[in-house]
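# Remarks on the overall topology
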Amino acid sequence: MKKGLIVVLMFNVNLLYSQFPAMSDSCIYIVARGTISKQNLISKKFNIFKNTYTHIGLGLITNDEFLIYNVSMDQKIKNSNLLLQSWDKFKNYEDIISLSIWEYKIDAFDFIIIKEYLSVLKNGKIKFDMQFSLENNDFYCSEFVANVLNKSENLEFKPHKKKLISPIKNILEKDTLSYFPVDFFLENQKFKQVYYKSINLSHYEKN
């Protein structure tokens, strides 16, 4: 294959995934973003695969609008860290370097269960889990998404374990962390990428 043809094919693939997809109200979506400020703390140390993802949420079509449920460390709505954001709001970060959307065609019965569970959580008060523990009722972003998806009878995500070193070891006061990485869902091939965009990626590669 000629080099020029390879370049054209790569350009077409990138163009395909940079165009915002048609959304289905019978699917659920994982929406991921990467920010420069959290690369060293999150993606470089705790992600399973090599990517820039530092935060994820769960997207659904609701009343013809794409809305993203996500647990934020530094934002609250009605005293809850569980946010329900539009796409424009979710991606509105100054230091953002990547955005992606992953689609999962869910069983109708499981979809009902998940939507009912999200409704319960939305009406409650969710606290951000500063201890990153799976043994309390608080959530960090990927723990929240995994917890919701595990309500499905056709999905089962298990936490990873990682031996900690200082200073994180001292902050969390534990030697080993059992956790859900931001990119945990990539282990399931049923999640298909339907959108990807990199922004100022050269800055990330220099650090």
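For the structure itself, look to the data block above.
Being a predicted model, the structure only gives us computed values, none of them experimental. (Residues numbered from 1 in each chain as written. Predicted model: local features only at pLDDT ≥ 70, side-chain atom pairs only at ≥ 80, totals over all residues. Heavy atoms only, no water.)

Every α-helix carries 3.6 residues per turn, so stepping three or four residues along brings you back to the same face. Taken across its nine residues, helix α5 (residues 141–149) has eight buried, putting it largely inside the fold. Regarding α5, the residues found buried are Cys141, Ser142, Glu143, Phe144, Val145, Ala146, Val148 and Leu149. Summarising the contacts, the buried residues of α5 are in contact with β1 (27–35), β2 (55–62), β3 (65–71), β4 (82–86) and α4 (108–122). (Buried < 20%, exposed > 50% of the residue type's maximum accessible area, 1.4 Å probe, protein only. Helix = DSSP H or I, 4+ residues; strand = E, 2+ residues; numbered from the N terminus. Contact = heavy atoms within 4.5 Å.)

With that settled, the discussion passes to the layout of surface pockets. Here the largest pocket is characterised by a volume of approximately 550 Å³. The wall of the largest pocket is formed by 27 residues, among which Leu41, Ile42, Met73, Phe128 and Phe132 lie closest to the centre. Broken down by secondary-structure element, the contributors of at least two residues to the lining of the largest pocket are α2 (39–46), α5, α6 (168–172) and β7 (176–179). When grouped by side-chain class, the residues that make up the lining of the largest pocket number 19 nonpolar, five polar and three charged. Lining of the second largest pocket is provided by Tyr69, Ile77, Lys78, Ser80, Leu82, Leu83, Leu84, Leu121, Lys122, Asn123, Gly124 and Lys125. Ranked by the residues each element gives to the lining of the second largest pocket, the list is headed by β4, at three residues. Looking at side-chain class alone, the lining of the second largest pocket contains six nonpolar, three polar and three charged residues. (1 Å grid on protein atoms, 1.4 Å probe; cavity = no way out; pocket = protein on both sides within 12 Å on 5 of 7 lines; lining within 4 Å. Points joined across faces, edges and corners; volume = space filled by probe spheres on them. Nonpolar A, V, L, I, M, F, W, Y, C, P; charged D, E, K, R; others polar.)

Across the 10 residues that make up strand β5 (residues 96–105), a large majority, nine, are buried. Note that β1 and β5 share nine bridges and pair antiparallel. Counterpart to isoleucine 30 in the pairing with β5 is tryptophan 102. In this sheet, strand β8 (residues 192–198) lies alongside β5 in antiparallel orientation, the contact comprising six bridges. Each bridged residue has a counterpart across the sheet, and for leucine 99 the counterpart in β8 is lysine 197. (Pairing = 2+ DSSP bridges.)

On to the packing of aromatic side chains, then. Here a ring pair, both rings aromatic, is described through the centre-centre distance and the interplanar angle of the planes. Scanning all chains against the criterion turns up 16 aromatic pairs. Between phenylalanine 46 and tyrosine 179, the aromatic rings sit 5.5 Å apart at their centres with planes inclined by 80 degrees, giving edge-to-face as the arrangement. Placement of the pair is phenylalanine 46 in helix α2 and tyrosine 179 in strand β7, with a sequence separation of 133 residues. With centroids separated by 5.0 Å and ring planes inclined at 40 degrees, the aromatic side chains of phenylalanine 132 and tyrosine 140 adopt a geometry described as tilted. Phenylalanine 132 gets classed as partly exposed once you look at its relative accessible area, which sits at 26%. Pairwise contacts between aromatic rings join Trp102, Tyr104, Phe157, Phe180, Phe184, Phe185 and Phe191 into one cluster. The lysine or arginine in question, lysine 151, covers the ring of tyrosine 117, its NZ or CZ lying 4.6 Å from the ring centre. (Phe/Tyr/Trp six-rings, centres within 6.5 Å; stacked < 30°, edge-to-face > 60°. Lys NZ or Arg CZ within 6 Å of the ring centre and 35° of its normal.)

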